[in-house]
Structures are given as structure tokens and as C-alpha cells.
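Fold and contact review
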Amino acid sequence: MKPAQIGPYLEIAEYYALRENAAALESVLRDATRVDPSDARLLFYRGVAGIIAGRSPETAREQLTSYLSHPERSDWPSHAEAREWMGRLFERQGKTVDAAEQYREALKAEPGRKETRARLDRIEQSLKQ
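The structure contained in this document is the topic of the report that follows. (Residues numbered from 1 in each chain as written. Predicted model: local features only at pLDDT ≥ 70, side-chain atom pairs only at ≥ 80, totals over all residues. Heavy atoms only, no water.)

**Details of helix H1 (residues 7–18)**
- For H1, with twelve residues, the first-to-last C-alpha span of 17 Å sits near the 16 Å given by 1.5 Å per residue.
- By the burial criterion, the buried members of H1 are Tyr9, Leu10, Ala13 and Ala17. For H1, the arc enclosing every buried residue in end-on projection is 95 degrees, short of the 170-degree limit, so these residues lie on one face. Away from its buried face by more than 90 degrees, H1 exposes Glu11 and Leu18.
- Among the structural elements, helix H2 (22–35), helix H3 (41–53) and helix H5 (79–92) are those in contact with the buried residues of H1.
- Immediately beyond the C-terminal end of H1, within one or two residues, lies glutamate 20, with a positive phi of roughly 55 degrees. (Helix = DSSP H or I, 4+ residues; strand = E, 2+ residues; numbered from the N terminus. Expected span 1.5 Å × (residues − 1). Buried < 20%, exposed > 50% of the residue type's maximum accessible area, 1.4 Å probe, protein only. Arc of directions from axis to C-beta. Contact = heavy atoms within 4.5 Å.)

**Re the pattern of salt bridges**
- Evaluated as defined, the whole model comprises 17 salt bridges.
- Between aspartate 31 and lysine 2 there is a salt bridge whose closest N-O contact spans 3.5 Å. Taken together, the positions of aspartate 31 in helix H2 and lysine 2 in the segment before H1 put the pair 29 residues apart, joining distant regions of the chain.
- The buried category is assigned to aspartate 31, whose relative accessible area is 17%.
- The salt bridge partner of aspartate 75 is arginine 73, with a shortest N-O separation of 3.0 Å.
- Three or more residues are tied together by salt bridges with common partners; here these are Glu20, Glu84, Arg88, Glu91, Glu110, Arg113, Glu115, Arg119 and Arg122. (Salt bridge = Lys/Arg side-chain N within 4 Å of Asp/Glu carboxyl O.)

Written out as C-alpha cells, the structure is:
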């Protein structure tokens, strides 16, 4: 089935992002782009896919930054989630100070993010040593 609205594609994208399955995520994003190439959520998921796949870190950062420039909506991935992914990207690049900054920003917006808190705590411990 090929839905005519982008919503089902993005629900599937979220599923694959949570499971860190870059190939499947990229596949569903190609289909979603055919339905609505201007949907800003595609920027988020493309950035996430790039981070998971370990390809084009600069492009992934630009996509997440561009996503963050859009107004936050309750039915879209949160800006805190985008910042957490940006932090993950910086961590993978060895930019721990930048990663910690992104995690702090994510926690300011959503203090209950346990994974983000754990990542920030781990970085802060490593910086103290």
C-alpha cells in the first residue's frame, strides 16, 4: 500500500529511528518524499538516518539545525529530541563539549528525558577525569 498522506510514512520512520535501522528509515523517507517533499519532519528523519548510518555528518547536522528553525509542534518530533540526536552526532565525532551543550538544551526543554540525562552524565564524568 502507498498512502496518499505523509503521516503513515512518518509513523514508520519513527519506528525505524527508534530501532536505529538506517536502511529501512532511508527507504521509507524516499517514499515519504514522493508524497510531500516540503514536510519539515523529513529534515529531522533524514538527519537521524545520517547519524545512524554514520554518513555525511555535516549534512545530518545541517538537516537537524534546519528542522530546529521550524516552530515546534506537539505532533512532530520535539526540538529536544532533535538536540539529543545532534548531541549523539557530536559524541560520535569526539566533540564532547558540543554534545554536552546539545544534551543540556534538550534537558532544558524536556527535563524528563532519561536517555539524554544518561548521555550527559556520562560525558560530564569523562570530562572530570
